[in-house]
Amino acid sequence: MFRRIREEDAMLARLFFRLLPVQAAIVAMGSINAIVDGVVASRFIDPSTVGVVGLYYTMLRILEAVGAVLLGGVSVLSGRYLGSGKIDRTRGICSLGMALAALAILVGALLTAASFAFPGTIADLLGANAELREPLKTYILGYAFGLIPQLLGQQIAADIQLERQEGLGNAAVAAMIVTNVLLDFLFVAVQDKGVWGLALATSLANWVYFLIVAQYYFRPKAQLKPSVKLIAWNETAEMLKIGFPNALLVFCLAARSLVINRLLLVHAGADGLSALSAFNMICGLILSVALGSGALVRILTSVFLGENNREGILALFRLIFSAVLGLMAVIAVIVILLSPVLAAIFFPEPATEAYRLTKQLFFIYGFGIPLTLVCLSYSSYCQAAGFRLFVNILSITDGF
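Residues numbered from 1 in each chain as written. Predicted model: local features only at pLDDT ≥ 70, side-chain atom pairs only at ≥ 80, totals over all residues. Heavy atoms only, no water.

> A description of the overall build of the chain should follow, citing residues and the corresponding values.
The helix and strand inventory of the chain stands at 16 helices and zero strands. Residues classed as buried in the chain amount to 55% of the 400 residues present. Across the chain, every contact between residues at least 6 apart in sequence was considered, and the portion connecting residues at least 24 apart equals 83%. Summing over all exposed atoms, the chain offers an accessible surface of approximately 17100 Å²; the carbon and sulfur share of this is 69%. (Helix = DSSP H or I, 4+ residues; strand = E, 2+ residues; numbered from the N terminus. Buried < 20%, exposed > 50% of the residue type's maximum accessible area, 1.4 Å probe, protein only. Contact = heavy atoms within 4.5 Å. Areas by Shrake-Rupley, 256 points an atom, 1.4 Å probe, with all protein chains shown as cover.)

Given below as structure tokens:
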């Protein structure tokens, strides 16, 4: 019996670590773009511009909240039906997700229109002071072109994950990063377009990612192609209920950022805001393994529940609290030891206040990194298992 358990654990570990890089890349996309923008802003424009990118990051969290509802609901429901062998029902859930994503385009379109019409108002709402208001307005205008593809790209990424198209997902992320780096260098370093070029480069990189993952639907072997006939409209309420905790968490984080950004500008000035902005940019990348693991726990738990496979869930958590937790501990040690290096990525002068504050942030946060995996794993399991009230409470306490 123990030999059989070890073999099942090994098979699950191989599957988990094959899927993890793609999941980590999906959740790290926004962070990667922000890091590129932050480094270019600090080196080629002005260190205070890092704070501009950080202020706008709150806007992106609000956009993520829209997509988070769909991502959470689709992954849980489609996982359940996939585990029970109901491929048509799985396609119906994915089709429903894309149908609702099409409605979510309206949200993206409204945000895009608002970005063009009221950039100053949005800058004020995001907490910009007199010094940062104009560059933030410019950044808002440049990024507006990339809001819709960013929203749709997240949803398609979830679908290709279910079909185990890891190569396509990795190619899309790589192309997005390369595009952003090259265009940042071209627009900012060569053509001196400043903040406008910085934001426009990221917008175009979002389009590159979206176009690459979208072509998956045109492949003959794609099983989860959206179908109008198969849309499971009767699952809409269930999908939104399941995905709501994801959106609630992101919304709480966005609200917290609005408050903290304003406090920093008042009490720590532009240096404090730039330090927190730099920290938040890299933090998304640091936590990508934990966030990706949480997403996989949600998906695999849903599949195991569809199969009535209790042993699979137990094997999954044995893996989480051994190999994956060990990996997060290694990441934590690296962050603590390399906190001066991480700070220097954005602020190369150790004598500056921004460098000192950023180094402190990374050093202190490193000690809590392994616990993030624990929290995300349990909340993802509870979400897949249907403990909605508890998951919503976790989302609020985590966010605030």
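> So, the nonpolar core: which residues are in play, and what are the values?
Formed by 72 residues in total, the largest nonpolar core has its most connected members in Phe-16, Tyr-56, Leu-136 and Tyr-139. Those residues in contact with Tyr-139 that sit more than four places away from it in its chain are Asp-37, Val-52, Val-53, Tyr-56, Val-195, Leu-198, Ala-199 and Thr-202. Listed in part, the 13 residues of the second largest apolar core include Ala-172, Val-173, Val-213 and Ala-214. (Core = buried A, V, L, I, M, F, W, Y, C linked by side-chain atoms within 4.5 Å.)

> Requested: an account of the environment of Pro-149, with residues and values cited.
Looking at the secondary structure, you find Pro-149 in helix α6 (residues 147-162). Along the backbone, Pro-149 and Asn-206 are 57 residues apart, and their C-alpha atoms lie at a distance of 5.9 Å. In this structure, Pro-149 is in contact with Asn-206, Trp-207 and Phe-210, ignoring residues within four places of it in sequence.

> Go over the packing of aromatic side chains, please, and point to the residues and values.
The final tally for this structure, using the stated rule, is 16 aromatic pairs. With 5.3 Å between their ring centres and 70° between their planes, Phe-116 and Phe-145 make a pair best called edge-to-face. Taken together, the residues span a long stretch of sequence, with Phe-116 in helix α3 (residues 87-117) and Phe-145 in the loop between α5 (130-143) and α6 at a distance of 29 residues. A relative accessible area of 38% means that Phe-145 is categorised as partly exposed. Geometrically, the ring pair formed by Phe-317 and Phe-321 is tilted, given 5.8 Å between the ring centres and 40° between the ring planes. One end of the pair, Phe-317, and the other, Phe-321, are both in helix α12 (residues 310-337), four residues apart, so they sit about a helical turn from each other. Phe-321 sits in the partly exposed class, given a relative accessible area of 30%. Chaining the aromatic ring pairs together yields one cluster made of Phe-317, Phe-321, Tyr-378, Tyr-381 and Phe-387. (Phe/Tyr/Trp six-rings, centres within 6.5 Å; stacked < 30°, edge-to-face > 60°.)

> Quick one: what's the story with unusual backbone geometry, residue by residue and with numbers?
Across residues other than glycine, the phi torsion is negative in most instances, and most of the peptide bonds are trans. The backbone phi angle of Asp-192 is positive, close to 55°, even though this residue is not glycine. For Asp-192, the position within the fold is in the loop between α7 (166-190) and α8 (194-214).

> Break down the pattern of salt bridges for me, with residues and values.
For the structure shown, the criterion picks out four salt bridges. The partner of Asp-124 in a salt bridge is Arg-133, and the shortest N-O contact between them spans 2.8 Å. Exposure remark for Asp-124: the relative accessible area of 34% places this residue in the partly exposed category. Ionic pairing is found between Glu-134 and Arg-133, a salt bridge with its closest N-O pair at 3.9 Å. Under the relative-accessibility criterion, Glu-134 is labelled partly exposed at 45%. With relative accessibility at 26%, the residue Arg-133 sits in the partly exposed group. Taken together, the shared-partner salt bridges in this structure form one network comprising Asp-124, Arg-133, Glu-134 and Lys-137. (Salt bridge = Lys/Arg side-chain N within 4 Å of Asp/Glu carboxyl O.)

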